[in-house]
Amino acid sequence: MQPLLDLFGQAHRFFLEEVTPFHQVKIASPPTILFYGGQDYLIPTSQGIDMRDKLESLGVTHQFNLYPDSGHGLGVLEIIDTWTKLKVFINTHL
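Just so you know, these numbers come straight off a predicted model, no measurement behind them.

Working note: regular strand, side chains alternate between the two faces of the sheet. Note that strand S1 (residues 32-37) and strand S2 (residues 62-67) share six bridges and pair parallel. Counted as the bridge partner of Leu34 is Phe64 from S2. Between S1 and its parallel partner S2, the chain crosses via helix H4 (residues 45-58), and the hand of that crossover is right-handed.

Okay, structure coming up:
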(Lines give C-alpha, C1' and ligand atoms only; values in the text may rest on other atoms or scores of the structure.)
Protein backbone atom coordinates (compact mmCIF):
# COMPACT_ATOMS: atom_id res chain seq x y z
CA MET A 1 0.00 0.00 0.00
CA GLN A 2 2.99 2.29 0.50
CA PRO A 3 3.34 3.14 -3.23
CA LEU A 4 -0.30 4.31 -3.25
CA LEU A 5 0.25 6.42 -0.16
CA ASP A 6 3.33 7.93 -1.81
CA LEU A 7 1.28 8.69 -4.90
CA PHE A 8 -1.91 10.01 -3.26
CA GLY A 9 -0.71 11.14 0.16
CA GLN A 10 -1.67 10.25 3.73
CA ALA A 11 -5.06 11.96 3.42
CA HIS A 12 -6.25 9.07 1.26
CA ARG A 13 -5.12 6.34 3.66
CA PHE A 14 -8.65 5.86 5.07
CA PHE A 15 -10.09 5.49 1.57
CA LEU A 16 -7.39 3.01 0.54
CA GLU A 17 -8.00 0.91 3.64
CA GLU A 18 -11.75 0.97 2.95
CA VAL A 19 -11.28 -0.54 -0.50
CA THR A 20 -8.60 -3.07 0.47
CA PRO A 21 -10.02 -6.57 1.10
CA PHE A 22 -7.50 -7.20 3.89
CA HIS A 23 -9.09 -4.41 5.94
CA GLN A 24 -12.63 -5.65 5.28
CA VAL A 25 -12.25 -9.19 6.63
CA LYS A 26 -14.37 -9.84 9.72
CA ILE A 27 -15.25 -12.89 11.81
CA ALA A 28 -18.52 -13.14 9.84
CA SER A 29 -16.78 -13.05 6.44
CA PRO A 30 -17.85 -15.81 4.05
CA PRO A 31 -15.64 -18.77 3.16
CA THR A 32 -12.78 -17.47 1.04
CA ILE A 33 -10.53 -19.13 -1.51
CA LEU A 34 -7.27 -17.48 -2.57
CA PHE A 35 -5.05 -18.16 -5.59
CA TYR A 36 -1.61 -16.59 -5.94
CA GLY A 37 1.29 -16.88 -8.35
CA GLY A 38 4.65 -16.89 -6.60
CA GLN A 39 6.23 -14.87 -9.42
CA ASP A 40 3.41 -12.32 -9.71
CA TYR A 41 4.86 -8.90 -10.52
CA LEU A 42 1.60 -7.07 -9.64
CA ILE A 43 0.50 -8.66 -6.37
CA PRO A 44 3.21 -9.79 -3.96
CA THR A 45 2.81 -13.25 -2.44
CA SER A 46 3.17 -11.58 0.96
CA GLN A 47 -0.30 -10.03 0.49
CA GLY A 48 -1.82 -13.48 0.05
CA ILE A 49 0.05 -14.83 3.05
CA ASP A 50 -1.09 -11.87 5.15
CA MET A 51 -4.70 -12.42 4.05
CA ARG A 52 -4.45 -16.15 4.77
CA ASP A 53 -3.08 -15.42 8.24
CA LYS A 54 -5.80 -12.87 8.98
CA LEU A 55 -8.55 -15.25 7.84
CA GLU A 56 -7.03 -17.96 10.00
CA SER A 57 -6.75 -15.69 13.05
CA LEU A 58 -10.44 -14.76 12.72
CA GLY A 59 -11.53 -18.37 12.22
CA VAL A 60 -12.86 -17.72 8.71
CA THR A 61 -13.04 -20.84 6.54
CA HIS A 62 -10.48 -20.41 3.79
CA GLN A 63 -8.19 -22.14 1.36
CA PHE A 64 -4.87 -20.64 0.26
CA ASN A 65 -3.37 -21.83 -3.02
CA LEU A 66 0.09 -20.77 -4.14
CA TYR A 67 1.59 -21.61 -7.53
CA PRO A 68 5.26 -20.86 -6.84
CA ASP A 69 6.41 -20.73 -10.47
CA SER A 70 3.45 -18.77 -11.88
CA GLY A 71 3.08 -15.08 -12.45
CA HIS A 72 -0.04 -12.92 -12.53
CA GLY A 73 -1.42 -14.92 -15.43
CA LEU A 74 -1.51 -18.59 -14.54
CA GLY A 75 -0.53 -21.29 -16.99
CA VAL A 76 -2.87 -23.91 -18.44
CA LEU A 77 -2.19 -26.52 -15.75
CA GLU A 78 -2.68 -23.97 -12.99
CA ILE A 79 -5.94 -22.76 -14.55
CA ILE A 80 -7.25 -26.34 -14.64
CA ASP A 81 -6.17 -26.84 -11.01
CA THR A 82 -7.75 -23.53 -10.01
CA TRP A 83 -11.03 -24.42 -11.71
CA THR A 84 -11.11 -27.84 -10.06
CA LYS A 85 -10.38 -26.44 -6.59
CA LEU A 86 -12.88 -23.63 -7.04
CA LYS A 87 -15.68 -26.03 -7.98
CA VAL A 88 -15.00 -28.21 -4.94
CA PHE A 89 -14.76 -25.18 -2.65
CA ILE A 90 -18.05 -23.71 -3.88
CA ASN A 91 -19.87 -27.04 -3.68
CA THR A 92 -18.54 -27.57 -0.16
CA HIS A 93 -19.18 -24.13 1.30
CA LEU A 94 -22.22 -22.72 -0.50
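Let us keep going from here.
The next subject is the confidence of the model for the chain. When the pLDDT values of the chain are averaged, the result is 90; 91% of them are 70 or greater. Mean pLDDT in the chain bottoms out at helix H1 (residues 2-8), which sits at 71, and peaks at S2, which reaches 98.

Before going further, it helps to examine the nonpolar core. Among the nonpolar cores identified, the biggest contains seven residues, and these are Val25, Leu34, Tyr36, Met51, Leu55, Val60 and Phe64. For Leu55, the contacting residues outside a window of four places in its chain are Val25, Thr32, Leu34, Val60 and His62.

With 14 residues, H4 should reach 20 Å at 1.5 Å per residue; the first-to-last C-alpha distance of 20 Å fits that figure. Along H4, the positions that sit buried rather than exposed are Thr45, Gly48, Met51 and Leu55. In a view along the axis of H4, the buried residues occupy a sector of 125°, so they form one face of it. Lining the buried residues of H4 we find helix H3 (21-24), S1 and S2.

By the definition in use, this model includes two salt bridges. The partner of Asp53 in a salt bridge is Arg52, and the shortest N-O contact between them spans 3.0 Å. Taking the relative accessible area as the measure of exposure, Asp53 reaches 36% and is therefore partly exposed.

The rules we used
Residues numbered from 1 in each chain as written. Predicted model: local features only at pLDDT ≥ 70, side-chain atom pairs only at ≥ 80, totals over all residues. Heavy atoms only, no water. Pairing = 2+ DSSP bridges. Helix = DSSP H or I, 4+ residues; strand = E, 2+ residues; numbered from the N terminus. Right-handed = clockwise from strand over helix to strand, strands pointing away. pLDDT = per-residue confidence, 0-100. Core = buried A, V, L, I, M, F, W, Y, C linked by side-chain atoms within 4.5 Å. Buried < 20%, exposed > 50% of the residue type's maximum accessible area, 1.4 Å probe, protein only. Contact = heavy atoms within 4.5 Å. Expected span 1.5 Å × (residues − 1). Arc of directions from axis to C-beta. Salt bridge = Lys/Arg side-chain N within 4 Å of Asp/Glu carboxyl O.

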